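# Results of the structural survey
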Amino acid sequence: MRILVAGGAGFIGSHYVRSLLSGRYPGAEDAQVTVLDKLTYAGTLANLGPVEDHPRHTFVRGDITDVRLLNDVVAGHDVIINFAAETHVDRSIAGPGDFVVTNVHGTQALLQAALDANVRTFIQVSTDEVYGSVAVGSWTESEPLQPNSPYSAAKAGADLLCRAYHQTYGLDVRVTRCSNNYGPYQHPEKVVPLFVTNLIDGRRVPLYGDGRHVREWLHVDDHCRAVQLVLDKGSAGEVYNIGGGLELTNRELTERLLALFGRGAEMVEYVPDRLGHDQRYSVDSGKIRAIGFHPHVPFDEGLADVVRWYRDHQNWWRRLT
Ligand code: NAD
């Protein structure tokens, strides 16, 4: 099987590639992997360091909006998994344009290339943020999309194009919508590594608004296993929510991190809230659980591992801050 992983040099994509090439996904031990990544500020070859010389790995530096390049690169692949995106909500508020180009136009270009090259299955890695905020209960896959940030609106646009390529052309497209991820190799602009790296340096952590926004957390390793499960056992044209089931306010998340550093409330700096900040995300993961998904990584263990990883890999993150 030949798998093209777009955005495979980023946080989640690189975790998927490292896991796949280390033989952790039964049935995919002989998969050939092509990583296609533009290497924006968010992507780095250092994330693929452990598999750099792996005989079943090829790296191509390129942009998913580059139609000519896609015609060359996509041919011969059985599967495309699209992790490539502009991903930071704050950056999307400051400048939405790049988000529409990569997340919408780039996904369409990749879908078209998949169709032209007879790719068997296309997996679009989307986000729970496309549903917008939910006050009570949890979104199922059939809820209407009500994205509120330019980031989530661009991801929702991509999801709808995936649906259209399935309905119109019969392409086997599967969409995953995961909740917030944490784990090693996450860019230090995102909340968990931002807080961890600040605390390593003895600096205060900036908490938005009243800290009462609620997010559902899942370890990146569980997310990637879920993506592989959707490839193995999912169905064409379907959407799968992926949630960890653990909801925390940002204040609770901060308290758990502070406890790991033996610090207290004196290390918190409350900062003005993000524009249009969604209050709560929560997905119903019943559909993916029905095909066999269970998260493996207990949150407190995973979080302590992350703190250790950032302490031990300061060369990796210091050049990004
Ligand atoms: P990331 O920002 O760490 O990585 C994105 C990668 O895409 C980088 O390697 C970057 O170089 C690459 N890229 C960006 N634009 C590109 C382009 N035009 N062409 C080719 N490559 C390009 O993001 P991440 O956190 O790993 O997220 C991966 C995917 O998972 C995204 O689609 C995101 O929407 C989704 N997701 C993320 C989370 C989360 O908590 N991080 C949760 C749910 C879903």
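Anything mentioned here points back to the structure above.
In this report, we go over the structure that sits alongside the text. Since this is a predicted model, take the numbers as computed values, not measurements.

Assigned secondary structure in the protein consists of 11 helices and 12 strands. Relative to the 2.2 N^0.38 estimate, which gives 20 Å for 321 residues, the radius of gyration of the protein is 19 Å and therefore close to what a compact globule would have. Overall, the protein is about 55 × 45 × 40 Å in size when its C-alpha atoms are taken along their principal axes. Within the protein, buried positions represent 55% of all 321 residues. In the protein, the proportion of contacts linking residues at least 24 apart, taken out of those at least 6 apart, comes to 82%. With an accessible surface of roughly 13100 Å², the protein has 49% of that area assigned to carbon and sulfur atoms. Once the 31 positive and 39 negative side-chain charges of the protein are each reduced to a mean point, those two points are 2 Å apart.

Here we take up the sheet that holds strand β11 (residues 246-249). The strands making up a sheet are joined through hydrogen bonds of the backbone, oriented either antiparallel or parallel. Overall, mixed pairing links the three strands, which are arranged β7-β9-β11 in an open sheet. One side of each edge strand has no neighbouring strand; the edge strands of this open sheet are β7 (180-182) and β11. Between one strand axis and the next, the sheet turns through 45 degrees on average, direction left out of account. Here β7 runs beside strand β9 (residues 214-219); their pairing, made up of three bridges, is parallel. Across the sheet, residue N180 finds its bridge partner in β9, namely W217. Packing against the sheet, helix α7 (residues 220-233) makes contact with β7 and β9, and its axis sits at approximately 75 degrees to β9. Strands β7, β9 and β11 of the sheet are contacted by helix α10 (residues 299-312), whose axis makes an angle of about 55 degrees with β7.

With that settled, the discussion passes to the nonpolar core. The tendency in soluble globular proteins is for nonpolar side chains to be buried as a group. Among the nonpolar cores identified, the biggest contains 35 residues, and I3, Y16, V17, L20, I81, F83 and I288 are the most heavily contacted of them. The set of elements that each furnish at least two residues to this core consists of β1 (2-6), α1 (11-21), β2 (32-37), β4 (79-82), β5 (121-127), α7 and β10 (239-242). Broken down by element, this core gets its largest block of residues, seven residues, from α7. Ignoring any residue separated from it by four or fewer positions in sequence, one finds F83 in contact with V5, A6, G7, I12, G13, Y16, V125 and V227. V60, I80, A84 and L171 belong to the second-largest nonpolar core, a separate cluster that totals 30 residues.

Right, let's talk about α1 for a bit. The buried fraction of α1 amounts to 11 of the 11 residues, a majority that puts the element mostly inside the structure. Listing the buried residues of α1 in full gives F11, I12, G13, S14, H15, Y16, V17, R18, S19, L20 and L21. Against the buried residues of α1 lie β1, β2, β3 (57-61), β4, β7 and α7. Remark: G23 follows α1 within two positions and exhibits a positive phi of approximately 80 degrees.

The ligand sits among 28 residues. The nearest are I12, D37, T87, Y151 and K155. Between the ligand and V125, the relevant distance is 3.3 Å, taken from an oxygen atom to a main-chain nitrogen or oxygen of the residue. Note that an oxygen atom of the ligand is positioned 2.6 Å from one of the side-chain N or O atoms of Y151. Notes on the ligand: free accessible area 840 Å², of which the protein chains cover 96%. Top contributing element to the shell around the ligand by residue count: β5, with three residues.

What follows deals with the side chain of H77. Along the chain, H77 turns up in the loop between α2 (67-74) and β4. Within the local environment of H77, its side chain forms a polar contact with the backbone oxygen of V74, the two atoms lying 3.0 Å apart. Other than its neighbours up to four places away in sequence, H77 contacts R2, I3, L4, T34 and V119.

Here the second largest pocket is characterised by a volume of approximately 220 Å³. Around the second largest pocket, the lining comprises 15 residues; the ones closest to its centre are D159, L160, R163, R177 and V239. Residue composition of the lining of the second largest pocket, grouped by class: six nonpolar, two polar and seven charged.

Quick look at the side chain of D63 now. Counting through the fold element by element, D63 comes out in the loop between β3 and α2. Not counting chain neighbours up to four residues away, the residues in contact with D63 comprise K38, L69 and L70.

Let us look at the packing of aromatic side chains. The tally for this structure, following the rule as stated, stands at 12 aromatic pairs. Here the aromatic rings of F99 and Y151 are separated by 6.5 Å at their centres, their planes lie at 85 degrees, and the arrangement is edge-to-face. Separated by 52 residues along the polypeptide, F99 in helix α4 (residues 97-116) and Y151 in helix α5 (residues 150-169) bring together distant segments of the chain. Comparing F99 with Y151 shows no difference in burial state: the two are buried. A centroid spacing of 4.9 Å and a plane angle of 75 degrees characterise the contact between W309 and Y310, whose relative ring orientation is edge-to-face. Each member of the pair, W309 as well as Y310, carries the same accessibility label: buried. These aromatic residues form a ring-pair network of at least three members: Y185, W309, Y310 and W316.

Criteria and cut-off values
Residues numbered from 1 in each chain as written. Predicted model: local features only at pLDDT ≥ 70, side-chain atom pairs only at ≥ 80, totals over all residues. Heavy atoms only, no water. Helix = DSSP H or I, 4+ residues; strand = E, 2+ residues; numbered from the N terminus. Rg over C-alpha atoms; globule rule 2.2 N^0.38 Å. Buried < 20%, exposed > 50% of the residue type's maximum accessible area, 1.4 Å probe, protein only. Contact = heavy atoms within 4.5 Å. Areas by Shrake-Rupley, 256 points an atom, 1.4 Å probe, with all protein chains shown as cover. Lys, Arg positive; Asp, Glu negative; His and termini not counted. Charge placed at Lys NZ, Arg CZ, Asp CG, Glu CD. Pairing = 2+ DSSP bridges. Axes fitted to C-alpha atoms, helices over the stretch in contact; angles between N-to-C directions. Core = buried A, V, L, I, M, F, W, Y, C linked by side-chain atoms within 4.5 Å. Near = heavy atom within 4 Å. Polar contact = N/O pair within 3.5 Å; in protein donor to acceptor, adjacent residues only side chain to side chain. 1 Å grid on protein atoms, 1.4 Å probe; cavity = no way out; pocket = protein on both sides within 12 Å on 5 of 7 lines; lining within 4 Å. Points joined across faces, edges and corners; volume = space filled by probe spheres on them. Nonpolar A, V, L, I, M, F, W, Y, C, P; charged D, E, K, R; others polar. Phe/Tyr/Trp six-rings, centres within 6.5 Å; stacked < 30°, edge-to-face > 60°.

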